[in-house]
Amino acid sequence: MEKSQANESDQETPNLTEQQAVGLDIGTSRLVMATSGHEQDSQEGQASERQRREKIIAELNAFISIPASKFTENILNQNKVSYQKDSGKSLQIYGNEAEQFANFFNTELHRPMIDGVLNPGEEYSLPMLQAMLNRLLPKPGKKEKLCFSVPGPVRAGQSTDLV
């Protein structure tokens, strides 16, 4: 992804309608990615028109750890479940599927973030967040822009409990 810095001396600002943009909101509860751009229609004897295409994907910002086994990995692969293997002892299932598996195994979800920042109490916070972002974000194109939100401070008296 290209990093750009606005400068008053720039001669020409690229027209966002001519390129793809990716928006990213990294929240304590969910990761949300939105893309916006234009796609050229097929020409059927007429002048081609550009149609706006947008896509929004929300992913649960959570994971569970389960014991690793070859059988478990095969089942997860067959069902296209996102997981990451640590040093061979356990598997971390992450994203939307984590909630289903937490219910199945009657266990609590682990949250890689708390109060809008990485959760220092979770061993796998950073690797899980990286894995979820790698799955969520498309591969960058030329001159593609990434816009992301920055969390604000938690208001006094507010709970960090998630519903």
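Residues numbered from 1 in each chain as written. Predicted model: local features only at pLDDT ≥ 70, side-chain atom pairs only at ≥ 80, totals over all residues. Heavy atoms only, no water.

**As for the nonpolar core**
Then step 1. Leu31, Tyr94 and Met128 are the most contacted members of the largest nonpolar core, which totals 14 residues.
Then step 2. Counting only elements with at least two residues in this core, the list comes to β1 (21–26), β2 (30–40) and α3 (125–136).
Then step 3. Every residue in contact with Leu31, bar those within four places of it in the chain, is listed here: Asp25, Ile26, Ile57, Ala58, Glu59, Asn61, Leu129, Met132, Leu133 and Leu136.
Then step 4. In this structure, Ile66, Leu76, Phe101 and Ala102 belong to the second largest nonpolar core, which totals nine residues. (Core = buried A, V, L, I, M, F, W, Y, C linked by side-chain atoms within 4.5 Å. Buried < 20%, exposed > 50% of the residue type's maximum accessible area, 1.4 Å probe, protein only. Helix = DSSP H or I, 4+ residues; strand = E, 2+ residues; numbered from the N terminus. Contact = heavy atoms within 4.5 Å.)

**Things to note about the side chain of Glu59**
Then step 1. Relative to the assigned elements, Glu59 resides in strand β3 (residues 50–60).
Then step 2. For Glu59, a relative accessible area of 7% gives the class buried.
Then step 3. Within the structure, Glu59 has its side chain in polar contact with the side chain of Arg135 (distance 3.4 Å).
Then step 4. Leave out the neighbours within four places in its chain, and Glu59 touches Ser29, Arg30, Leu31, Tyr94, Gly95, Asn96, Glu97, Arg135 and Leu136. (Polar contact = N/O pair within 3.5 Å; in protein donor to acceptor, adjacent residues only side chain to side chain.)

**Digging into helix α1 (residues 70–78)**
Then step 1. Within the sequence span of α1, burial applies to Thr72, Glu73 and Leu76. All buried residues of α1 lie within an arc of 100 degrees about the axis, which places them on one face of the element. Exposed residues lying more than 90 degrees from the buried face of α1 are Lys70, Phe71 and Gln78.
Then step 2. Looking at the packing, one finds that the buried side of α1 touches β4 (63–67), β5 (83–85), β6 (90–94) and α2 (96–105).
Then step 3. Lys80 sits one or two positions beyond α1 and adopts a positive phi of about 55 degrees. (Arc of directions from axis to C-beta.)

**A word on the side chain of Asp86**
Then step 1. Structurally, Asp86 can be placed in the loop between β5 and β6.
Then step 2. Among buried charged residues, Asp86 stands out as having no salt bridge; its nearest opposite-charge side chain is Lys89, 7.3 Å away.
Then step 3. In this structure the side chain of Asp86 is engaged in a polar contact, spanning 2.8 Å, whose partner is the side chain of Ser90.
Then step 4. Reaching out from Asp86, the side chain makes a polar contact with the side chain of Tyr124 at a distance of 2.4 Å. (Lys, Arg positive; Asp, Glu negative; His and termini not counted. Salt bridge = Lys/Arg side-chain N within 4 Å of Asp/Glu carboxyl O.)

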